[in-house]
Each structure stands twice: as structure tokens, then as C-alpha cells.
Amino acid sequence: MSAVLSPTSPKPAVTRHKSPWLHPAAKPLLFVLCGLPFVWLLYGALANTLGANPAEALIRSTGDWTLRFLCITLAVTPLRVLTSQPALLRFRRMLGLFAFFYVVLHFLSYAWLDMGFELQAIVKDIPKRPFALVGFLAFVLMLPLAATSFNRAIKALGAKRWQTLHKLVYAIVLLGLLHFFWMRAAKNNFAEVAVYAVVIGVLLGWRVARRLRPKD
């Protein structure tokens, strides 16, 4: 026999589905995770555990993490669409800024450990080496994206112009891949390059396919 609720009976609790990506701890946790590579590199430098050539290890690792964070940032939109999780979008800015953070570390590591912060030597060295020139160009293109990554900049530029400016990330990630290729080509190490090329190809190819898809 089924029970019937009377007018004075308490109503059953309504269970609302809430995305875990909206949890207050999600952003702080992501921030900590994104900072772990820096902590590991800093510890390695202080504890002298980065191998026989710590300078090369720092320069290489900060560059690797820059490219990884660029890929992760570009993956946010496809994941948001494919998983129907719009809350993922709230992490894209942080991920992009961490990509910028690691590229700054990458450039500073090169300028300090390779060039001793000698400005004239740096200015002469970059144009001489294609991989350095391409990497520096990617770094320069990231500057306006980092500078306009806050809400006031979006309002000042207007949403459409801001979105157009931030499409530079596609050129940046391709320049980053080319820089990575030339760095690894010197040691005939193409396996990692192939992995990144596939990942970047999928991320950019998804966007092209989505744009070309006929609208209903």
C-alpha cells in the first residue's frame, strides 16, 4: 500500500546536479597542480638533482611545460563542447596564464644561464639561430594575450576584438611546435615532436572542422 502525502507533509528534497568543476576548491586545486612543475624545477636546482647540465635541464623543461600548457589551454574548448561541461571554461584563463608564466621562465633561463643577462649578446644571438628566433617570436606574441587576460581589458577592447586578438594563440602554438622541433632535431629526437604535432593537429583540426560544419 502506497503512502499518500498530506498537505502538511514535508516535500521530498530535490536533488540538483551540480558540476564538480564549480566546486570552490576546483580553482585553488588547479592552481597548485599547475605550479607543481615549477616547484619541482626549483627544488631540483637548489638540491642539484637536475643532472649533469642543470642549465640545459631548466631551459628545456620550462620550454616543454610552456608547450604543454598551451596544448592544455587549447583543449579546454573541445572538452567543454564534447562533454557538455560549460564550467570548464572558467579554467581557461588560468591555464593560459600558466603557459605565459612558464614561457617567461623559459626565456629568463636562456637569458641568464646561457647569456648571462648580457643584452647585446642576446640581441645578436636570437636572429642568428632560427629556433631561437621562432621561440622569441612566440614569446612576443604571448605578451599581448597575457596583458589582456583580465575583465577590464575585455571591456576596453570589446568582446569581438578581444576574441580576434586571442586567436593569436593558434599561431603561437604552431611557432612553439616549430621551436620544439628544431630543438629536438639537433639531437635526432623526433618521437616527442610527433606526439605534440598529433595533439596540436587534433586540437586545431577540431576547430577547423567545427567552423566548416554546415549550420542547421
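This text goes with the structure placed above it.
Residues numbered from 1 in each chain as written. Predicted model: local features only at pLDDT ≥ 70, side-chain atom pairs only at ≥ 80, totals over all residues. Heavy atoms only, no water.

## Observations concerning the nonpolar core
Point 1. Membership of the largest hydrophobic core comes to 37 residues, with the highest contact counts inside it found for F69, L70, L95, M142, V173 and I200.
Point 2. Of all the elements in the fold, those that place two or more residues in this core are α1 (26–47), α2 (54–83), α3 (92–114), α5 (130–147), α8 (168–185) and α9 (191–212).
Point 3. Not counting the four nearest positions on each side in its chain, I200 is found in contact with L67, C71, V173, L174 and L177.
Point 4. Formed by 5 residues, the second largest nonpolar core is a distinct cluster that contains Y110, A111, M115 and I122. (Core = buried A, V, L, I, M, F, W, Y, C linked by side-chain atoms within 4.5 Å. Buried < 20%, exposed > 50% of the residue type's maximum accessible area, 1.4 Å probe, protein only. Helix = DSSP H or I, 4+ residues; strand = E, 2+ residues; numbered from the N terminus. Contact = heavy atoms within 4.5 Å.)

## A closer look at helix α4 (residues 119–128)
Point 1. Those residues of α4 lying buried are I122, D125 and I126. Around the axis of α4, the buried residues are gathered within 100° of arc, so they sit on the same side. Pointing more than 90 degrees away from the buried face of α4 are the exposed residues Q120, V123, K124, P127 and K128.
Point 2. Here the buried face of α4 lies against α3 and α5. (Arc of directions from axis to C-beta.)

## A short note on the packing of aromatic side chains
Point 1. Summed over the entire model, instances satisfying the criterion amount to 16 aromatic pairs.
Point 2. A centroid spacing of 6.5 Å and a plane angle of 5° characterise the contact between W112 and F117, whose relative ring orientation is stacked.
Point 3. Using a relative accessible area of 52% as the deciding quantity, one classes W112 as exposed.
Point 4. Geometrically, the ring pair formed by F180 and Y196 is edge-to-face, given 5.0 Å between the ring centres and 70° between the ring planes. Of this pair, F180 sits in helix α8 while Y196 sits in helix α9; the two residues are 16 residues apart in sequence, bridging distant segments of the chain. (Phe/Tyr/Trp six-rings, centres within 6.5 Å; stacked < 30°, edge-to-face > 60°.)

## Describing a nonpolar patch on the surface
Point 1. A surface patch of nonpolar side chains, amounting to about 490 Å² of accessible area, comprises L29, F31, V32, L33 and L36.
Point 2. Within the secondary structure, V32 sits in helix α1. (Patch = residues over 30% accessible without salt bridge, like charges linked within 9 Å, V, L, I, M, F, W, Y side chains within 5 Å. Areas by Shrake-Rupley, 256 points an atom, 1.4 Å probe, with all protein chains shown as cover. Salt bridge = Lys/Arg side-chain N within 4 Å of Asp/Glu carboxyl O.)

## Looking at the pattern of salt bridges
Point 1. In total, this model carries 3 salt bridges according to the counting rule given.
Point 2. The partner of R129 in a salt bridge is D125, with the nearest N and O atoms 2.7 Å apart.
Point 3. A residue is classified by how much of its surface remains accessible, and R129, at 28% relative accessible area, is partly exposed.
Point 4. Residues joined by salt bridges that share partners form a network here, namely D64, R184 and E192.

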